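# Descriptive analysis of the structure
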Amino acid sequence: MASSVTLLGHAVERSEDPPLLTGSARFVADLDRPGMLHAVFVRSQVAHGLLRSVEVAEAAAMPGVVAVFTASDLPLADLPEWPRGEPPRAELGRPCLARERVRFVGEAVAVVVGSTLSAAVDAAEAVTVDIEPLPTVLDPLDALAERAPLLFPEHGSNEVLRQLTGAAGALDGSEVVVRGHFYNQRVAPCPLEPNGAAAWPAAGGRLDCFASTQAPFRLRAAIALALGRPEETVRVVAPAVGGGFGAKGGVYPEQLVTAALAERLGQPVRFVETRSENMLAMCHGRGQVQEVALGARRDGTIVGLEATMVTEMGAYCWRGPVPFSTSRIMATGPYRIPKLSLTSIGAVTNTTPIGPYRGAGRPEATAMLERMIELLAAELDLDSVEVRRRNLLAPSEFPYAAPSGASYDSGDYSAALAKALALLGYEQVRAEQADRRQSSCATELGVGIATFVEISGSGSEYGAVRVEPGGSVVVLTGSSPHGQGLATTLTQIAAGMLKVPISTVSVVHSDTALVPRGVGTFGSRSGQLAGNAVAHAVEEVLEKARELAAVELEADPDDVVQLEDGSFAVAGVPSISLGLAELARRAGGPIGAEWDFAQESGTYPFGTHIAVVEVDTETGKVELRRLVAVDDCGRVVNPKIVAGQVHGGVAQGIAQALFEAVRYDESGNPLTTNLADYAFPSAAEMPAFELGETETPSPRNPLGMKGIGESGAVGAAAAVQNAVVDALSPYGVLHLDMPADPERVWRAVHEGRRDGQDPFSSSS
Amino acid sequence: MTGAIASAELSYELVVNGRHHDVNGALAGESLLYVLRNRLGLPGSKNACEQGECGSCSVLVDGVLVCACLVLAATAVGREIVTVEGLAGPGELSDVQEAFVENGAVQCGFCTPGLVVAVHDLLGRLPDPSELEIREAISGNLCRCTGYGRILAAIDEVRRRRLGELP
């Protein structure tokens, strides 16, 4: 096994895998304790209404029931409006258990605690919730209309966020203006493991909480705040976590209630969502209406972009501000768009709250721009590749100050585009398409391109490294991986730089009792922030070791060098050397260092994804034939892990483009509440992906890394959507919202929409 | 099922991974998944949808691949049950599990136990499946992390290895 810096860039096998493969890894639902109680939530079955009464007496008297709580018996502070307004708008807080009013189907109203799960489930059925229904509002544009039913009457409007970026007149000087009206549909994150939490009183008055979370430190702070306890009396552990995709990055009411129950009852309590609950109670993603105009000169040079993005918040202004703000920041994408006039609005509706889901605003911005590029190309009768080439930022333009205020770090966008076109064989596919169109074949071929840039790695992260006298190396990270293979990545960085075998390195994470501080894993941040924190800590360890070696070898520290085998010697005298463990032994204890790494601002991964689809115009079925993804995430530590992230993201992008949509009926009853009704794709629907990469290091961190967790979902959805529209262009179709399911496609073919309006658009 | 039967407590014996287990005081309506996880201390099989859509709870009952969430535990009396915990000896990985590591087929790992059982079933029944047969065979095992590509690569590697096409 390689044991030097050459470890960086190698496809080292993941150390995480064996326990997951053998079933010995422990997720929240697998944790057991003597006397474990089970919490089951009673949820609103009404989308909007006044909560008249919650009758719990019958349920509380049932066998096996320990307690039943409503908001009045379990007072917990609301989850604050986020980001906190100035001044804070207390009326927008999200209660842990509903009081006075319910705002979406699935909102927790009461909680039943039983000695067995079945007792708690049965008793939850016996709780009578009396709700006086109110008119509902589901569509974000309807929510903004005058006289719309108000979710927060004290607030006076369903508009909870509004931000203007740029100035009016963005289209001034345009020779041509194309317009679009798009809906980036609401989807469900669907990690295979639903939300769950378990908590119990521990020794010394500490409350131990285990949660399926991406951000244990954030949850610890929220639990401490909700329960009025000092943070150091709360321990949060994320055990094995079965996927999160952003949806487990926030704090959920059910987690706080579970912690409160354990504290109140003095016993272990566990709560695990059913899948149907998960489809209601876990945040949904996307959900953005876009009204867009792109101005250009006749040669295809973009002059300016004018847009209104209305982001659904769902029932609360809770985590929806993440996609609201990220779509704003990335509004001009990889293009030189000198003038921007953007209105961003957040609207509450009687639906499950929106939150970050893989991409979180980036896919919305990318789909918007990539559709507009296609509309512009069609208007000017140019190949859209040519329109992209004319407007992509050039390598010489970095760092680039985007009109949104973003500062892009580095990139060679045209190189990624060129590589993807070459991998695809663009000219051949276009030739095949032309032949197909000449024939009378009912199956049309479509090619769709998405050229994109996204943002990753904000904030700071903690890392520490300790070389033990016994030779083992312990790495601590404040991040909280849940499937990304971060422990392996950090092991490679530490082992590579220390020049020790990877088998000697262990990584500690996701336990606030073992790691002093940290943030978590989301926003494609962990590789670069946790990785660079560890790299800095290693450098400090090496510096300390050099100084120790200098004393032991009676040399000047400047004359001491680290040899290829990791030991230290006086330059030119390699025969007398001291290993790290030996130095620790001589020093009488571990050699350690810690580091909090933050970069001046985010990093900007980019790439080009191209999809080829076949569309059966008689049935409307879309077959994805090829998906080429060229990604650039700066320096790569583990190509296998990076490819895995691309694969997963691309699959979720394809899923949004072709299959998935959360649907409600007109009263706000959810229609997609399980994995039969929600079109989660299987292996039968996914093609093989063709991956390529370019490597443009980021100047913003020493390792040159950028994030790769979300790019797949950012590019692929737009590429596939463009491919479907391209296939249908002979039918006069200029736009089709996602998902391109058979009915939508069939209608487009048969209605030949030539106005750029989607036949299904919820707000057209 | 009437309330009386549903609440009646049953005692029976299950054979799981070659070991006999006494189940006492179980309700008739308990699924095999519930009994494995909550009564027998075998939480390797996962519960992700409780309606047979996701395959995370896949186990073998008398050699037949089933979703343990859809099987009543009491109907599995006298049958050979194999779960993910029984695919390899303690501290060992089966060839399928090893190929999953080598090919990067695991990410969060929640669907993985069920998938591994399903792959053992597939390659036990069909030593040389086509790509279509492989995709169909695992189409009942949903994975949100991987996009399936690396899983397909792992399966193909085991197939070739077992056929002697790979060392």
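Parameters at a glance
Residues numbered from 1 in each chain as written. Chains lettered and ligands numbered in written order. Predicted model: local features only at pLDDT ≥ 70, side-chain atom pairs only at ≥ 80, totals over all residues. Heavy atoms only, no water. Phe/Tyr/Trp six-rings, centres within 6.5 Å; stacked < 30°, edge-to-face > 60°. Helix = DSSP H or I, 4+ residues; strand = E, 2+ residues; numbered from the N terminus. Buried < 20%, exposed > 50% of the residue type's maximum accessible area, 1.4 Å probe, protein only. Domains from an automatic or database assignment. Contact = heavy atoms within 4.5 Å. Buried area = accessible area lost by both parts, 1.4 Å probe. Salt bridge = Lys/Arg side-chain N within 4 Å of Asp/Glu carboxyl O. Polar contact = N/O pair within 3.5 Å; in protein donor to acceptor, adjacent residues only side chain to side chain. Nonpolar A, V, L, I, M, F, W, Y, C, P; charged D, E, K, R; others polar. Pairing = 2+ DSSP bridges. Axes fitted to C-alpha atoms, helices over the stretch in contact; angles between N-to-C directions. Core = buried A, V, L, I, M, F, W, Y, C linked by side-chain atoms within 4.5 Å. Parallel < 35°, antiparallel > 145°, perpendicular 65-115°, else oblique. Left-handed = near helix turned anticlockwise from the far one by under 90°.

Here the focus is the packing of aromatic side chains. Residue and element names in this part refer to chain A. The final tally for this structure, using the stated rule, is 10 aromatic pairs over all chains. With a centroid separation of 4.9 Å and an interplanar angle of 80°, the aromatic rings of Phe41 and Phe271 are classed as edge-to-face. Placement of Phe41 in strand E1 (residues 37-43) and of Phe271 in strand E12 (residues 269-272) is noted, with a sequence separation of 230 residues between them. Accessibility expressed as a relative area gives 3% for Phe271, which makes it buried. An angle of 70° between the planes, with centres 5.7 Å apart, marks the rings of Phe152 and Tyr316 as edge-to-face.

A few words on the domain arrangement of chain A. Often, the extent of an interface is quoted as the loss of accessible area on bringing the components together. Residue and element names in this part refer to chain A. Per the domain assignment, the segments making up chain A are domain 1 (17-24 + 459-599), domain 2 (31-134 + 195-272) and domain 3 (285-456 + 602-754). Each partner contributes residues to the interface: domain 1 has 16 residues there, and domain 3 has 18 residues. Contact between domain 1 and domain 3 buries roughly 1300 Å² in total, counting both sides, with carbon and sulfur atoms accounting for 56%. The three residues of domain 1 that bury the most area against domain 3 are Ser524, Gln528 and Gln599, which together make up 38% of that side's buried surface. Run the count over domain 1 and domain 3 and you get zero salt bridges. Applying the counting rule to domain 1 against domain 3 returns nine residue pairs in polar contact (both at pLDDT 80 or more). Contributing elements (two or more residues each) for the side of domain 1 that touches domain 3: helix H13 (486-498) and helix H14 (526-553). Here the residues of the side of domain 1 that touches domain 3 sort into three nonpolar, 13 polar and no charged.

A few words now on the sheet that holds strand E2 (residues 19-27) of chain B. Residues and elements named next belong to chain B. Taken together, five strands build an open sheet; the order of strands is E2-E1-E5-E3-E4 and the sheet is mixed. Only two strands of the sheet have a single neighbouring strand rather than two, namely E2 and strand E4 (64-67). This sheet shows a mean twist of 40° between the axes of neighbouring strands, independent of strand direction. Sheet topology places strand E3 (residues 58-61) next to strand E5 (residues 80-82); two bridges connect them, and they run antiparallel. Among the inter-strand pairings, Leu60 is bridged to a residue of E5, identified as Val82. This element, helix H2 (residues 32-39), spans strand E1 (9-16), E2, E3 and E5 of the sheet and lies at about 105° to E2. Its contacts with the sheet put helix H4 (residues 112-125) on E3 and E4, and the angle it makes with E3 is roughly 40°.

Residues and elements named next belong to chain A. Here the structure, examined in full by the defined rule, presents 52 salt bridges over all chains. Between Glu386 and Arg390 there is a salt bridge, and its shortest N-O distance comes to 3.2 Å. Taken together, the residues span about one helical turn, with Glu386 and Arg390 both in helix H10 (residues 384-391) at a distance of four residues. Using a relative accessible area of 27% as the deciding quantity, one classes Glu386 as partly exposed. For the salt bridge of Lys706 with Asp409, the shortest nitrogen-to-oxygen distance reads 3.4 Å. One end of the pair, Lys706, is in the loop between strand E28 (689-693) and helix H17 (711-728); the other, Asp409, is in the loop between strand E17 (407-408) and helix H11 (413-424), and 297 residues separate them in sequence. Like Lys706, the residue Asp409 is buried in the burial classification. A network of salt bridges, in which partner residues are shared, links Arg206, Asp208, Arg235 and Asp511.

A separate point is the interface of chain A and chain B. Listed by partner, the interface residues are 55 residues for chain A and 45 residues for chain B. Interface area, chain A with chain B, both sides summed: about 3700 Å², of which 59% is carbon and sulfur. Connecting chain A to chain B are three salt bridges. Residues Arg144 of chain B and Glu660 of chain A are paired through a salt bridge, measuring 2.7 Å at the closest nitrogen-oxygen approach. Taken together, the connections running from chain A to chain B amount to 18 residue pairs in polar contact (both at pLDDT 80 or more). Of all the secondary-structure elements, those providing two or more residues to the side of chain A that touches chain B are helix H1 (17-22), helix H7 (275-281) and helix H16 (639-658) of chain A. For the side of chain A that touches chain B, the leading source of residues is H16 of chain A, giving eight residues. Here the residues of the side of chain A that touches chain B are counted per class, giving 28 nonpolar, 16 polar and 11 charged.

All names here are of chain A. With respect to burial, strand E26 (residues 606-616) is a largely interior element, 10 of its 11 residues being buried. Pairing of strand E18 (residues 443-453) with E26 involves 11 bridges; the strand directions are antiparallel. Bridging from a neighbouring strand, Gly448 pairs with Ala611 of E26. Bridging between E26 and strand E27 (residues 622-632) involves 10 bridges; their strand directions are antiparallel. By the bridge assignment, His609 is partnered in E27 with Ala629.

Right, let's talk about the nonpolar core for a bit. Core analysis: the largest hydrophobic core is formed by 87 residues, its most contacted members being Ile654 of chain A together with Phe100 of chain B. Ignoring any residue separated from it by four or fewer positions in sequence, one finds Ile654 of chain A in contact with Leu624, Leu627, Phe659, Met686, Pro687, Phe689, Ala716 and Val720 of chain A. Judged by nonpolar contacts, the second largest core, of 60 residues, contains Val236, Leu261, Val310 and Trp318 of chain A.

Residue and element names in this part refer to chain B. On the secondary structure map, Glu80 appears in strand E5. Taking the C-alpha atoms as reference, Glu80 lies 21 Å from Val96; in sequence the two are 16 residues apart. In contact with Glu80, other than residues within four places in its own chain, are Val15, Leu60, Val61 and Asp62.

Turning our eyes to something else, we now look at the packing of H14 of chain A against helix H15 (residues 580-587) of chain A. Packed helices, taken two at a time, are described by the angle between their axes plus the distance between the axes. Residues and elements named next belong to chain A. Viewed as axis vectors pointing N to C, H14 and H15 meet at an angle of 70°, and their least axial separation amounts to 10 Å. Put simply, H14 runs roughly perpendicular to H15. Of the two possible hands of crossing, H14 and H15 adopt the one that is left-handed. Note on element contacts: H15 touches H14 through Leu580, Leu583, Arg586 and Ala587, opposite Ala545, Leu548, Ala549 and Glu552. Grouping the constituent residues of the contact of H14 with H15 by class yields six nonpolar, no polar and two charged.

Residues and elements named next belong to chain B. Here the domain parsing of chain B yields domain 1 (2-86) and domain 2 (95-162). The C-alpha centroid of domain 2 is placed 23 Å from the C-alpha centroid of domain 1. Facing the 15 residues of domain 1 at the interface are 11 residues of domain 2. Both faces combined, the contact of domain 1 with domain 2 buries some 1000 Å², and carbon together with sulfur accounts for 64% of it. Three residues stand out in domain 1 for area buried against domain 2, namely Lys46, Leu65 and Val84, and they jointly supply 40% of the buried area on that side. Summed over the shared surface of domain 1 and domain 2, the number is zero salt bridges. Taken together, domain 1 and domain 2 are joined by four residue pairs in polar contact (both at pLDDT 80 or more).

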